[in-house]
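Structure at a glance
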Amino acid sequence: MRTRKEKATGREGGMPMPGARAVVITGCSSGIGRAVAEHLISRDYAVYATARRVDDLGDLAAAGAYVLRVDVADERSMRECVRQVEDRHGAVWGLVNNAGYALTGPVEDIDMGEVRRQFEVNVFGQLTMARLALPAMRSRGEGRIVNVSSVAGRFTFPGGGCYHASKHALTSFSDALRFEVKPFGIYVSTIEPGAVGTRFIDTALELLTRGAAAGEAPEYAPFRRDLAHCYQRVRNAPRRYGVGPPQKVARAVEHALRAPVPRPRYPVGAVAHVSLGLRRLLPQTLFDTLVRSYLPVPRREG
Ligand code: NDP
């Protein structure tokens, strides 16, 4: 006989029970991934919280999640994760592709290795996880894939070419998958947060200012500085810039997992709704003018 807690967490004697719906979440060491894991642990899922370093997941394990090491740039770790979940549950029931970060800088002057890495993590990693989980989902005739993309996947800001391109790619893969796997009982949703209070900005700032990613062309140095100041302003006054809590994103993810027919896309937060509304209403040239008046663009000096 299962106890109430065991039913709620899908764990029996510390291990997820085979009958529970297994949800795998990537990037749970902080921010949105962590909030999603915390939110789902109290629901009736067997939560598989994953991160590059399992040490970062101690409190989630203590709260009832099963933790695994997954680096979405390391295919072997992804294969091993899916294998372990399938051994216990037959299939991954829900996959929340969340891991990601923003590489910022002028398109001409970002180290190509960093560009490739951005796509490795934000796009190919998510795609690989989905492709690994799908065969068993298809055999079962059910499953959910929830890709944490961004409003950045619907328009592009100066200095954001690389990150936005990666999110456009992820959104596009999600759209194609949504059509392709629906006949097998699998739903695919895209989460489109606007601005969320996580480590995201700190990571972006660090990449913008350090080593190879910092760029070489002196012509773009003022632009990079302006971009960094822009990030710092948002970081220092999050409420003023409409930055919302990651828990709000977690609720959207739960809806995408739980609704009988989930929405294809979930914009989350005021920034997402306003920016998507403006993009829909304004012709591209007017949208560009608006962006130019609010965000840094390169200047020609001298
Ligand atoms: P955080 O920086 O707080 O979290 C990012 C997570 O991704 C961390 O757990 C990080 O792990 C993980 N990660 C990075 N690289 C890898 C990798 N190679 N393999 C596995 N995990 C990795 O930021 P958020 O929580 O905000 O970001 C989560 C998602 O939300 C991202 O996809 C982001 O693009 C998206 N998003 C965020 C927005 C925001 O304003 N915050 C807005 C729109 C979308 P580690 O600790 O090991 O680095």
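Cut-off values and rules
- Residues numbered from 1 in each chain as written.
- Predicted model: local features only at pLDDT ≥ 70, side-chain atom pairs only at ≥ 80, totals over all residues.
- Heavy atoms only, no water.
- UniProt positions renumbered as here; feature names shortened; annotations may be inferred.
- Helix = DSSP H or I, 4+ residues; strand = E, 2+ residues; numbered from the N terminus.
- Rg over C-alpha atoms; globule rule 2.2 N^0.38 Å.
- Buried < 20%, exposed > 50% of the residue type's maximum accessible area, 1.4 Å probe, protein only.
- Contact = heavy atoms within 4.5 Å.
- Areas by Shrake-Rupley, 256 points an atom, 1.4 Å probe, with all protein chains shown as cover.
- Lys, Arg positive; Asp, Glu negative; His and termini not counted.
- Charge placed at Lys NZ, Arg CZ, Asp CG, Glu CD.
- Near = heavy atom within 4 Å.
- Polar contact = N/O pair within 3.5 Å; in protein donor to acceptor, adjacent residues only side chain to side chain.
- Nonpolar A, V, L, I, M, F, W, Y, C, P; charged D, E, K, R; others polar.
- Disulfide = S-S within 2.5 Å.
- Pairing = 2+ DSSP bridges.
- Axes fitted to C-alpha atoms, helices over the stretch in contact; angles between N-to-C directions.
- Arc of directions from axis to C-beta.

Per an unreviewed UniProt entry, the recorded name for the chain is SDR family oxidoreductase, and the organism is Streptomyces alboniger. Taken verbatim from the UniProt record of the chain, the Sequence similarities (unreviewed entry) comment is "Belongs to the short-chain dehydrogenases/reductases (SDR) family."

The next thing to look at is the overall build of the chain. Regarding its fold elements, the chain presents eleven helices and nine strands. What you see for the chain is a C-alpha radius of gyration of 20 Å, in line with the 19 Å of a compact globule of 302 residues. In terms of its C-alpha atoms, the chain occupies a principal-axis envelope of roughly 75 × 40 × 35 Å. Classification of the 302 residues of the chain by burial places 51% in the buried group. Counting only contacts in the chain whose residues sit at least 6 apart along the sequence, the fraction spanning at least 24 positions is 69%. Taken as a whole, the chain presents about 14,700 Å² of accessible surface, with 53% of it coming from carbon and sulfur. Within the chain, one finds 43 positive and 30 negative side-chain charges whose respective centroids are separated by 7 Å.

With that out of the way, let us pick up the site of the ligand. Close to the ligand lie 28 residues; Ser29, Ser30, Arg52, Tyr163 and Thr198 are nearest. Note that an oxygen atom of the ligand is positioned 2.8 Å from one of the backbone N or O atoms of Ile32. Here an oxygen atom of the ligand sits 2.8 Å away from a polar atom, N or O, in the main chain of Val196. For the ligand, the protein covers 96% of the area, taking 890 Å² as the surface of the free molecule. Among the elements of the structure, helix H2 (31-41) and helix H6 (161-181) are those that each provide at least two residues to the shell around the ligand. When grouped by side-chain class, the residues that make up the shell around the ligand number 13 nonpolar, ten polar and five charged.

Our focus in this paragraph is the state of the cysteines. Applying the stated criterion to the full structure yields zero disulfides. Here Cys28 stays unpaired: no disulfide links it, and the sulfur of Cys81, its closest cysteine neighbor, is 10 Å away.

Our focus in this paragraph is the UniProt feature "domain: Ketoreductase" (unreviewed entry) in the chain. Look at the UniProt record and you will see "domain: Ketoreductase" (unreviewed entry) annotated at residues 21-194. In residues 21-194, the share of helix is 47% and the share of strand is 20%. The end C-alpha atoms are 29 Å apart.

This next bit is on the sheet that holds strand E6 (residues 94-97). An order of E5-E4-E3-E6-E7-E8-E9 is seen for the seven strands of this open sheet, with the pairing classed as parallel. With partners counted over all chains shown, the strands left at the sheet margins are strand E5 (66-69) and strand E9 (265-268), one partner each. For this sheet, the mean angle separating the axes of adjacent strands, direction not counted, is 20 degrees. In the sheet, strand E3 (residues 21-25) pairs with E6 via three bridges, with the strands oriented parallel. The residue of E6 that forms the bridge with Ile25 is Val96. Here helix H10 (residues 270-281) sits on the sheet in contact with strand E8 (186-193) and E9, set at roughly 115 degrees to E9.

Turning our eyes to something else, we now look at helix H7 (residues 200-209). Looking only at H7, the buried set comprises Ile201, Ala204, Leu205, Leu207 and Leu208. The buried residues of H7 occupy one face: seen down the axis, they fall within an arc of 165 degrees. Next to the buried residues of H7 lie helix H5 (112-140) and helix H8 (221-236). Phi for Gly211, located one or two positions after H7, is positive at around 35 degrees.

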